[in-house]
Number of protein chains: 2
Amino acid sequence: MRTITIKPKAITHNLNQVKKLAPQSKVLAMVKSNAYGHGVAAVLPALTQADGIGVATFTEALEARQLGWNKTIGLVEGAFTADEWQQAIEHDISCVIHHVPQLTWALDNIPPVESATRVVWLKYNTGMNRLGFNAEGVMAAAKRLHEAGYQLILTTHFANADNRDHPLNALQIQRFTDVLNALRESISADIKGSLCNSAGTVNFSEHHHDWVRPGIILYGSSPVIDKSVQELDLQPAMSFSAQIIALQTVNANDAIGYGSRWVAQQDTRTALVSVGYGDGYPRVVSDDAYVSVIDSTNNQSYRCAVIGRVAMDMIVIDVSTVPEDAHLLDSQVLLWGDAPHIDEVAVHADTISYELLCRVTMRPRRIQA
Amino acid sequence: MRTITIKPKAITHNLNQVKKLAPQSKVLAMVKSNAYGHGVAAVLPALTQADGIGVATFTEALEARQLGWNKTIGLVEGAFTADEWQQAIEHDISCVIHHVPQLTWALDNIPPVESATRVVWLKYNTGMNRLGFNAEGVMAAAKRLHEAGYQLILTTHFANADNRDHPLNALQIQRFTDVLNALRESISADIKGSLCNSAGTVNFSEHHHDWVRPGIILYGSSPVIDKSVQELDLQPAMSFSAQIIALQTVNANDAIGYGSRWVAQQDTRTALVSVGYGDGYPRVVSDDAYVSVIDSTNNQSYRCAVIGRVAMDMIVIDVSTVPEDAHLLDSQVLLWGDAPHIDEVAVHADTISYELLCRVTMRPRRIQA
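A few points on the structure.

Conventions we followed
Residues numbered from 1 in each chain as written. Chains lettered and ligands numbered in written order. Predicted model: local features only at pLDDT ≥ 70, side-chain atom pairs only at ≥ 80, totals over all residues. Heavy atoms only, no water. Phe/Tyr/Trp six-rings, centres within 6.5 Å; stacked < 30°, edge-to-face > 60°. Helix = DSSP H or I, 4+ residues; strand = E, 2+ residues; numbered from the N terminus. Buried < 20%, exposed > 50% of the residue type's maximum accessible area, 1.4 Å probe, protein only. Lys NZ or Arg CZ within 6 Å of the ring centre and 35° of its normal. Contact = heavy atoms within 4.5 Å. Buried area = accessible area lost by both parts, 1.4 Å probe. Salt bridge = Lys/Arg side-chain N within 4 Å of Asp/Glu carboxyl O. Polar contact = N/O pair within 3.5 Å; in protein donor to acceptor, adjacent residues only side chain to side chain. Least-squares fit on C-alpha atoms with pLDDT ≥ 70 in both.

Points about the packing of aromatic side chains
Reasoning step 1: For the coordinates displayed, the defined rule picks out 14 aromatic pairs over all chains.
Reasoning step 2: Geometrically, the ring pair formed by Tyr36 of chain B and Tyr219 of chain B is stacked, given 4.8 Å between the ring centres and 25° between the ring planes. Of this pair, Tyr36 of chain B sits in helix α2 (residues 32–36) while Tyr219 of chain B sits in the loop between β9 (211–212) and α10 (229–232), and the two are 183 residues apart along the sequence. Grouping residues by exposure puts Tyr36 of chain B and Tyr219 of chain B together as buried.
Reasoning step 3: By the ring-pair criterion, three or more aromatic residues cluster together here, those being Tyr36, Tyr219 and Tyr354 of chain A.
Reasoning step 4: We note Arg303 of chain A situated over the ring of Tyr290 of chain A; from NZ or CZ to the ring centre the distance is 3.7 Å.

And the structure:
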């Protein structure tokens, strides 16, 4: 059966790794996009030692509150309307303010002094060029928000933190530090700072400031290009498995699947696995893509190549590597988990693990381990 | 707000197009993988004129029964276990039989004469090389099933029906026709045939046999490489939209987004749209990818390129093409629907519309139009 297994203990372990990396900082654990596809209800209980969570939409924020999360919730794109700003106040959500309309809503509608919405994440565009004020705008906005009684966290987002040596990192760090220092001198020494996502937390330990904002690292993928999950001691929080439902031996020169994309070089034993892109396995994968077949009788694991085009409901794998006396029919097949790690599958699919995680569909059953 | 709009009337229209293409055949409408991501509950009421529906898993079959579908349900990979075979009998599901274990379950546990499970879709592997018996095996299985009282539909699946001229098509058609004729001569003239998926229904009108099994065509994408949806008079059944939440003007030489992948050639007006791969828009798209921005004040539509890397929660678009006095903030952005059609987006993402449809996540709200 198609199965997504979520391991809350792995998430807690990974959170502890973040805390070791950034022991002086508070942690805003990113749970946007249904906790990177893991399911926010499954993930929140594993994050009780985080100081807050980050979400992308107001609906996500409300869901977390309804699930009982009573610490900080940071809405990382902020309110989309004046009405959402009012709702943020009602539900004690802390918002990013990244442009003038949001600033206006905040100045026109000031939350009670004890409200978490009094804490504002003021976004400075240091080089990502998506959201945020420029240096001049952020200084002016900070002054007005401070005078209105808001507590400020200056925040920005790295564009290339996964690649430690990218020249933009130093520039973004410099810009951020300069403005943070200027704000603390000219407005208030109490202004906080938050610069690092997962990759920044790993790569820029001198610049963790008051809050780090880990995302992918919590789910057990490497956020940086030059360190593996082993080096970072991370545990994958999701495994994805399915089942062999048929066996075939194809003859040399027979083609398999749509587009007759894969042609047997010799007579080849194949197995049909009941999983496909309709479950969230990527449709286009390179010839390096593989799965692990587990012989249920002895728990032995075999590496088997994915052959032919991934279809909506099925993939075909080459089981030539499996001894002929192994038990195959009904056996479990690991698409990602310990091996292959999802970071490998992402390389085979020309993307990153984040996308694979988010785009798993609701068809596989979901269990926790 | 991120919104998936489903148009049941489009599905009914597309079903009627199938019926015009194959007026002599019954229609098994494919609703596997949550009706290609459209939501089976939204789609079933639009398919009342179909003769049956096709699903990939037993869970999907049960869901359709629970939603009140009381006509044929075909389980296209068949039962996975003897227990599922028994459950199929209990819920009147018609199963594919593609290998010996399923044949054994059917012969060991014969449903009542009035049960829909007495109808068996016997799978012949004519060249797809995924599921099915070879010619000899299918003849032997048919004989035994017929003798046990089953009604038979011989079925197979095209590997290259989208490409009318692919040489495997003629071979698959020949093999199928030969075995179907042999079965009718040697066993029973009542044995039915089902050969064509969407593409086969369009491309091989001489070979529709008793049942066609349309899938993607029902949802308004072209199933063939040489005919557009306009030529086939199909209507897209899903549109995907989101909202502009911020505007920026970036300077010449500024980079946007992760990896600083896109660099402005001149000062450029950009807009931030609150949608990303966390919603199901593909992360990797070519530089040809575009969206339609709709000025809500006058319903004027503008074609805007997607620039920079698609992120989990955001994309950036180039709004240089939009007049400076147009209303942009809060405006709706069409990711796919009438224009761009999802078939175009699929080309930009190096995949097919089927995958995009299935892998839309549960984050966007869902409405019907």
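Back to the text.
Considering the interface of chain B and chain A
Reasoning step 1: Each partner contributes to the interface: chain B provides 64 residues, whereas chain A provides 63 residues.
Reasoning step 2: Together, the buried faces of chain B and chain A total about 5200 Å²; carbon and sulfur atoms form 54% of this surface.
Reasoning step 3: Broken down residue by residue, the surface that chain B buries against chain A is led by Asn129, Arg130 and Arg359 of chain B, which jointly contribute 15%.
Reasoning step 4: At the junction of chain B with chain A, the criterion picks out four salt bridges.
Reasoning step 5: Notably, a salt bridge pairs Glu60 of chain B with Arg363 of chain A, separated by 2.9 Å at the nearest N-O pair.
Reasoning step 6: Seen at the junction of chain B and chain A, the total is 26 residue pairs in polar contact (both at pLDDT 80 or more).
Reasoning step 7: For the side of chain B that touches chain A, the secondary structure elements donating two or more residues are α2, β10 (238–250), β11 (255–256) and α12 (353–358) of chain B.
Reasoning step 8: A per-element tally of the side of chain B that touches chain A places β10 of chain B first, with five residues.

Digging into the environment of Ser94 of chain B
Residue and element names in this part refer to chain B.
Reasoning step 1: Counting through the fold element by element, Ser94 comes out in strand β5 (residues 94–97).
Reasoning step 2: Residue Ser94 is classed as buried on the basis of its relative accessible area, which comes to 3%.
Reasoning step 3: Taking C-alpha positions, Ser94 is 8.8 Å from Val76, a pair spaced 18 residues apart along the chain.
Reasoning step 4: In this structure Ser94 touches Thr72, Ile73, Gly74, Leu75, Ala116, Thr117, Val119 and Trp121, once residues within four positions along its chain are discounted.

Details of the environment of Gln266 of chain B
All names here are of chain B.
Reasoning step 1: Looking at the secondary structure, you find Gln266 in the loop between β12 (262–263) and β13 (268–273).
Reasoning step 2: The exposed category is assigned to Gln266, whose relative accessible area is 52%.
Reasoning step 3: Measuring from C-alpha to C-alpha, the distance between Gln266 and Lys192 comes to 65 Å, with 74 residues separating the pair along the chain.
Reasoning step 4: Beyond its immediate sequence surroundings of up to four residues, Gln266 is in contact with Val250, Asn251 and Ala252.

Points about the relation of the copies chain B and chain A
Reasoning step 1: Under the fitted operation, chain B is carried onto chain A by 0.0 Å of movement along the axis and a turn of 180°, and the coordinates agree to an RMSD of 0.0 Å. Such a combination of rotation and displacement between the chain copies is what one expects of a two-fold axis. Among all residues of chain B, the minimum C-alpha distance to the rotation axis is found for Arg359 of chain B, at 2.9 Å.

Some words on the side chain of Thr5 of chain B
Residue and element names in this part refer to chain B.
Reasoning step 1: Mapped onto the secondary structure, Thr5 falls in strand β1 (residues 3–6).
Reasoning step 2: The class for Thr5 is buried, based on a relative accessible area of 10%.
Reasoning step 3: Apart from residues lying up to four places away in sequence, Thr5 is in contact with Ala237, Met238, Ser239, Ile367, Gln368 and Ala369.

So far we have only geometry, and geometry alone does not tell us how the molecule works.
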